[in-house]
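Residues per chain are reported as follows:
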Protein chains: 2
Amino acid sequence: MDPLDIVSNLHNIKPVYQPVVSAITHDVTGYEVLGRYYTGKEWISLGPFFHDDDVPEEFKVEVDQHLLEIALTDMVASNQETYLFINRNAKQLMVNDGQDLLDTLIRFEQKGVSMGRIILEVTEHDFDEAFDSLHHLLLYYKTYGIQIAVDNVGAKSSNIDRIRQLKPHILKIDTKLIRRHNEDGFQDIMYSLSMLARRIGAALLFENIEDSYQLYVAWKHGGRFYQGYYLAQPAFKGTPQSPLQVDVAERVEGYVRREKVLVEKRLRFILSWEDKLKKLLPQWQGPKKVDAFIHAVTRYFNEESFRMYICNSDGQQISSNFRKRKDEWVLEENKRGSNWSFRPYFLENMMHMKTWKKAMLSDVYSDIDTRETIRTFSYPLSDQHFLFIDIRYAFLYENECLLI
Amino acid sequence: MDPLDIVSNLHNIKPVYQPVVSAITHDVTGYEVLGRYYTGKEWISLGPFFHDDDVPEEFKVEVDQHLLEIALTDMVASNQETYLFINRNAKQLMVNDGQDLLDTLIRFEQKGVSMGRIILEVTEHDFDEAFDSLHHLLLYYKTYGIQIAVDNVGAKSSNIDRIRQLKPHILKIDTKLIRRHNEDGFQDIMYSLSMLARRIGAALLFENIEDSYQLYVAWKHGGRFYQGYYLAQPAFKGTPQSPLQVDVAERVEGYVRREKVLVEKRLRFILSWEDKLKKLLPQWQGPKKVDAFIHAVTRYFNEESFRMYICNSDGQQISSNFRKRKDEWVLEENKRGSNWSFRPYFLENMMHMKTWKKAMLSDVYSDIDTRETIRTFSYPLSDQHFLFIDIRYAFLYENECLLI
């Protein structure tokens, strides 16, 4: 389509609405506005028009303003408390200092559409040139109560520092990431992003959910909002709540059941390992015979572990490393004296063990030496001495509940 | 200096070594090689030469190769098992497909310098143009045992996805970040980075440590390696271990003491809150009188909390939200029925509380609604019902042990 045809035939343009589903209510909580153009024969997407760098930004602003007017008018008519997600690229926002958008929103605020219901989606990686000006514009929008979503987070150019500076309300994650990466890669990225989101108080929105597995992944990784063809197609006049294709509440019930079974199995491992050690505890003869004690432990964790050691409450390793090489446990005496207090949560975890006299199992992480995915099981031998048993990857792999 | 003067007077060029200190041994574990040029009057840094985009890459390669030859010769002579950190920019590495560097290292491997002792530092953000080729070159280097460090992580252009793909052994963080950001910003970035590092099995190295506070921050955020003028200046012929200006072991002992005091104070809060609730527990009359129970709890947490609610073991909120507005606790009944099971660790934490019948205190995080920094204290009322007490920012702020 010729962009000029589009911009001079605004009467042929109408918004479609794609539902956004809330993980809290399991129902539609808002709609993303997308554009459609009637060619005389059929309705086509305006995506190519908006993504074409050769189309003047002023054209895009004009079409987007037209779509927004209709969407806001629909919102006033529908009388519902849903959110409206709208997209603007960086260059568009810079046209006329982003005042057109704000003027329209102020006008409709007087008709009852509160600014807090507007979510402005921007793509972080097209900020490259004018990050500071855009950052300030978004801050200005925020003062009106407009919410900010950063689109396409986790893709090539998203970075921690910028996301933190923007402090968006929502991080929007393209579920296609799952397909682009292998399982591990996706997990690592999602873990870092969800921790960042938690720190800055941003919600995660997963878009492009196309099947039941992807909805599960979105739920599992802390997604507060879901969007995609699997849940609902974009539709004209979406403001009257269109029924979802999927019973999200029912799906989530299933996920919860599955998750609880997995956690329960994991807890059973912790309790059984703790039990083994409780029985071995009479053999603990204090820090002077520390290697001998580990030696006694090894055969009870032969299958699970590849490395064990004991630290005191200052984080200092007071034993050798016991390492499994093939079927033998080998002593690495030079590791004695290593200090592990700098590791995140190390001291805190020891003091928890001491206070509640119970074992702990770490999250999944990658060992710096072997670079394998492992967990660490730890157990208080006394108020001052703690046993660390590193669980090998193969054992985690054989027991799904330990791997996730 | 004219670059041509430098490259045609290699005999005036010598390496200096800046010690890298290990958090595990509290001693020097390696040296970063930097270049110095003798002008006839004084020794000047070659930093400007290497950072000048107008200097041909071939010149830089030649100077770097010369420095490396001397450094490796020094290493052979010193007979020590330290690491050697060397810097290369992306363009330099692409000259002659990075073969010059590899040839030199192979030559010195035969003289006893194992490839595992070489750490190649690259800057991720100058990868922009040729990420894929560089990624492959680094993979190739890794097969020889060479370790990869990514420099300047956390700065403007570092991004999660790329760092994950490169899977470096070390993430090098410029401690200047602390000064560029406010305290919160630095904490958020470091938290995300240290979690990413943990997932991919990378160690954190903090460089440019200039004072005692920065060393503490580096230790506190999981730094495994430290570098900077505060610890040691770069020096000629550094391979014989130069004494550190600071007794790192003694410093870390101090940090450990401080940290243990803080954790202990935090644990005391948990225990005292748990105690209050144990005493209130007889008033718990099951899910039908859930709001009445919270009402009874509010006055015992008037100072600490701004929001409370109760969930069942499926993550469903079965009470109203109790919210403190000024000095009044207000009920938000519409929150009943909200499902929180999607939140990371939510189900897992509930099952932990159920299994060990004990309270839990969350990490510090930002509330999505108020965007304030908070913690959540949670307590098992029964096997099926869990009370959540959100601790307000002002209370955390007044008690340092809760804020960090």
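## What about the domain arrangement of chain A?
Under the domain assignment used here, chain A contains domain 1 (3-230) and domain 2 (259-402). The centre of domain 1 of chain A, based on its C-alpha atoms, is set 46 Å off from the matching centre of domain 2 of chain A.

## Let's talk about the packing of aromatic side chains
The description of an aromatic ring pair uses the distance of the two centres, along with the angle that the planes make with each other. Overall, the coordinates contain 36 aromatic pairs over all chains when judged by the stated rule. Summarising the aromatic geometry, the rings of B:Y17 and B:Y31 are spaced 6.2 Å apart at their centres and angled 80° between planes, so their arrangement reads as edge-to-face. Residue B:Y17 is located in strand 1 (residues 13-22), and its partner B:Y31 is located in strand 2 (residues 28-38); the two are separated by 14 residues in the primary sequence. Since its relative accessible area comes to 1%, B:Y17 is described here as buried. Judged by its relative accessible area of 1%, B:Y31 falls in the buried class. Ring plane angle 80° and centroid distance 5.5 Å describe the contact between B:W284 and B:F293, whose orientation is recorded as edge-to-face. Feature note: the residues A:Y309, A:W340, A:F342, A:F346 and A:F388 constitute an aromatic cluster, connected by ring pairs. A:R199 extends its terminal NZ or CZ atom over the ring of B:Y191, reaching a point 4.9 Å from the ring centre.

## Quick look at the pairing of strand 17 (residues 385-391) of chain A
All names here are of chain A. Extensive coverage of strand 17 is indicated by the burial of seven of its seven residues. Judged by which residues are buried, strand 17 turns out to be covered on both faces: H385, L387, I389 and I391 on one side and F386, F388 and D390 on the other are all buried. In the sheet, strand 16 (residues 373-380) pairs with strand 17 via six bridges, with the strands oriented antiparallel. Bridge pairing in strand 17 places R375 opposite I391. The hairpin turn running from strand 16 into strand 17, its antiparallel successor, is four residues long.

## Digging into unusual backbone geometry
Located in the positive-phi region is A:K326, a residue other than glycine, with phi close to 50°. Under the relative-accessibility criterion, A:K326 is labelled exposed at 81%. Residues other than glycine seldom take positive phi values, yet B:N96 does so here, at roughly 55°. Given a relative accessible area of 49%, B:N96 falls into the partly exposed group.

## Here's the deal with the pattern of salt bridges
In total, this model carries 48 salt bridges over all chains according to the counting rule given. We note a salt bridge from A:D174 to A:K176, for which the minimum N-O separation is 4.0 Å. Residue B:R268 pairs with B:E264 through a salt bridge whose shortest N-O separation is 3.8 Å. One end of the pair is B:R268 and the other is B:E264, both in helix 11 (residues 248-280) and four residues apart, which spans about a single turn. Assessed through its relative accessible area of 36%, B:E264 is described here as partly exposed. Members of the salt-bridge network, linked through shared partners, are A:E32, A:E121, A:K172 and A:E207.

## Thoughts on the relation of the copies chain A and chain B
Rotating chain A by 180° and moving it 0.0 Å along the rotation axis overlays it on chain B with an RMSD of 0.0 Å. Read as a symmetry element, the transformation amounts to a two-fold axis. Minimal C-alpha distance to the rotation axis in chain A is attained by A:N159, lying at 2.1 Å. In this assembly the copies share their binding face: 100% of the residues contributing to the interface of chain A also contribute to that of chain B.

## Here's the deal with the interface of chain A and chain B
With 77 residues of chain A at the interface, the matching set in chain B holds 77 residues. When chain A packs against chain B, the two sides together hide about 7,300 Å² of surface, and 58% of this comes from carbon and sulfur. Of all residues in chain A, A:R199, A:F342 and A:R371 bury the most surface against chain B, accounting for 12% of the area lost on that side. If you look at where chain A meets chain B, you find eight salt bridges. In this structure, B:D314 and A:K260 form a salt bridge, with 2.7 Å as the shortest nitrogen-oxygen distance. At the junction of chain A with chain B, the criterion picks out 26 residue pairs in polar contact (both at pLDDT 80 or more). Counting residues per element, the ones that place at least two in the side of chain A that touches chain B are helix 7 (160-166), helix 9 (183-200), strand 9 (223-226), helix 11 (248-280), helix 13 (346-356) and strand 15 (365-366) of chain A. Among the residues making up the side of chain A that touches chain B, the classes are represented as 31 nonpolar, 24 polar and 22 charged.

Conventions and cut-offs
- Position numbers for residues start from 1 in each chain and track the written sequence from start to end.
- The order in which chains are written sets their letters, starting at A; the order in which ligands are written sets their numbers, starting at 1.
- Totals for whole chains, interfaces and linings use every residue, but because this is a predicted model, local features are given only for residues with pLDDT of at least 70 and side-chain atom pairs only at 80 or more, for both listing and counting.
- With hydrogens and water set aside, each side-chain value is computed from the structure's full complement of heavy atoms.
- Those domain boundaries reflect an automatic or database domain assignment.
- The aromatic pairing rule takes the rings of Phe, Tyr and Trp, using the six-membered ring of Trp, and pairs them if the centres are within 6.5 Å, calling planes under 30 degrees apart stacked, those over 60 edge-to-face and the rest tilted.
- Helix numbers and strand numbers start at the N terminus; a helix is a DSSP run of H or I with at least 4 residues, a strand a run of E with at least 2.
- A 1.4 Å probe rolled over the protein chains alone gives each residue an accessible area, and that area as a share of the maximum for its type sets the label: buried under 20%, exposed over 50%, partly exposed in between.
- Working rule: Lys NZ or Arg CZ, within 6 Å of ring centre, within 35 degrees of ring normal, means a charge sits over the ring.
- Between any two strands, at least two bridges found by DSSP are needed for them to pair.
- Salt bridges are defined as contacts in which a side-chain nitrogen from Lys or Arg sits within 4 Å of a carboxyl oxygen from Asp or Glu.
- Alignment of the copies relies on least squares applied to C-alpha atoms, considering only residues that score at least 70 for pLDDT in both.
- The contact criterion used is simple: two residues touch if any of their non-hydrogen atoms lie within 4.5 Å.
- Buried area: the sum, over both parts, of the accessible surface (1.4 Å probe) that disappears when the two are put together.
- Here a polar contact is taken to be a pair of N or O atoms separated by no more than 3.5 Å, where protein atoms must pair a possible hydrogen donor with a possible acceptor and residues adjacent in sequence count only if both atoms sit in side chains.
- Just so you know the grouping, Ala, Val, Leu, Ile, Met, Phe, Trp, Tyr, Cys and Pro go in nonpolar, Asp, Glu, Lys and Arg go in charged, and all remaining residues, Gly too, go in polar.

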